[in-house]
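So you can see what is in the structure, the chains are spelled out below.
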Amino acid sequence: MSEHKDSGHDNRSEYVADTVMEHEYDGIQEFDNKLPNWWLWLMWGSMVFALFYWLVFHTLEIRDLPKGDFETEMRLADEAMMERMKNNPVTNESLMAIVEMPAQVAEGRDMFVKFCVACHLDKGEGLVGPNLTDGVWVHGCEPMDLHKIVSDGVAAKGMPAWMNQLGPGGVQTVVAYVMTLRNTEVAGKAPEGEPCKF
Ligand code: HEC
């Protein structure tokens, strides 16, 4: 009796032969066996899943990828915090908290491009107004120093007051953006003022 026979019957039709496939690589041959169904289900299943996943997350973008989900969560948390901060006085700490909020900093950047680049240039390197990227400041480098200058301006020197136009939230946001420019050391207008550490 052959070891390939099904349980004990000497019946030719139940004889299951392992067919060796013709090819051979480095002396390795393989049988032509039927793949188990559970394996096939997994394979076809994952292909169908991949197709839907691709459509939903990438092509149609119906759902956010985990990174997008995370960013949405963070943005909502930041907005909630901004809302709470409205009722509190503005401080160095509250302004530095805004510096940590990417969406707010991006908004500050938009405002800076719209209202400030004419005199401070795109990277803050200075033209009519001082270079905001060097380590020296005319009016101090603490967030509250910037907040005061941006709110009230320096009429005699040609720095406008922005509180009326931007409102309290706008001033805080643009100040947060300017805080990100500090010490980026872009070559531009010669340093004016005193070194300042914050
Ligand atoms: C019309 C030109 C002009 C515009 C527009 C302008 N600034 Fe200025 N800014 C100046 C000048 C001039 C000074 C220098 C004031 C001084 O020397 O006292 C200055 C000073 C500053 C300072 C203080 C710098 C230091 O060394 O202490 C900050 C911060 C600043 N500007 C931010 C802004 C922001 C933010 C905006 C946009 C919302 C803006 N500026 C728009 C002209 C301008």
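This is a predicted model, so every value here is computed, not measured. (Residues numbered from 1 in each chain as written. Predicted model: local features only at pLDDT ≥ 70, side-chain atom pairs only at ≥ 80, totals over all residues. Heavy atoms only, no water.)

Q: Can you help me understand the state of the cysteines in this one?
A: Disulfides are covalent bonds that connect the sulfur atoms of two cysteines. Enumeration according to the criterion identifies one disulfide in this entry. Two residues share a disulfide in this structure: Cys141 and Cys196, whose sulfurs sit 2.0 Å from each other. Handedness of the Cys141-Cys196 disulfide follows from its S-S torsion of about -70°: it is left-handed. With Cys141 in the loop between strand 1 (136-137) and helix 6 (143-152) and Cys196 in the segment after strand 2 (194-195), this residue pair connects regions lying 55 residues apart in the sequence. (Disulfide = S-S within 2.5 Å. Helix = DSSP H or I, 4+ residues; strand = E, 2+ residues; numbered from the N terminus.)

Q: Looking at this structure, how should I read the coordination of the iron atom of the ligand?
A: Note on metal sites: the ideal angle is 109.5 degrees for four tetrahedral donors, and 90 or 180 degrees for six octahedral donors. Distances from the iron atom of the ligand to its protein donors, His120 (NE2) and Met159 (SD), fall within 2.0 to 2.2 Å. Here the iron atom of the ligand is ringed by six donor atoms whose angles at the metal span 87 to 180°, and the overall shape comes out octahedral. Of the two residues, His120 sits in helix 5 (residues 117-120) while Met159 sits in the loop between helix 6 and helix 7 (163-181), which places them 39 residues apart along the sequence. (Donors = N, O, S within 2.8 Å, 3.2 Å for Na, K, Ca; no water. Tetrahedral: all angles 85-135°; square planar, octahedral: opposite > 155°, others 65-115°.)

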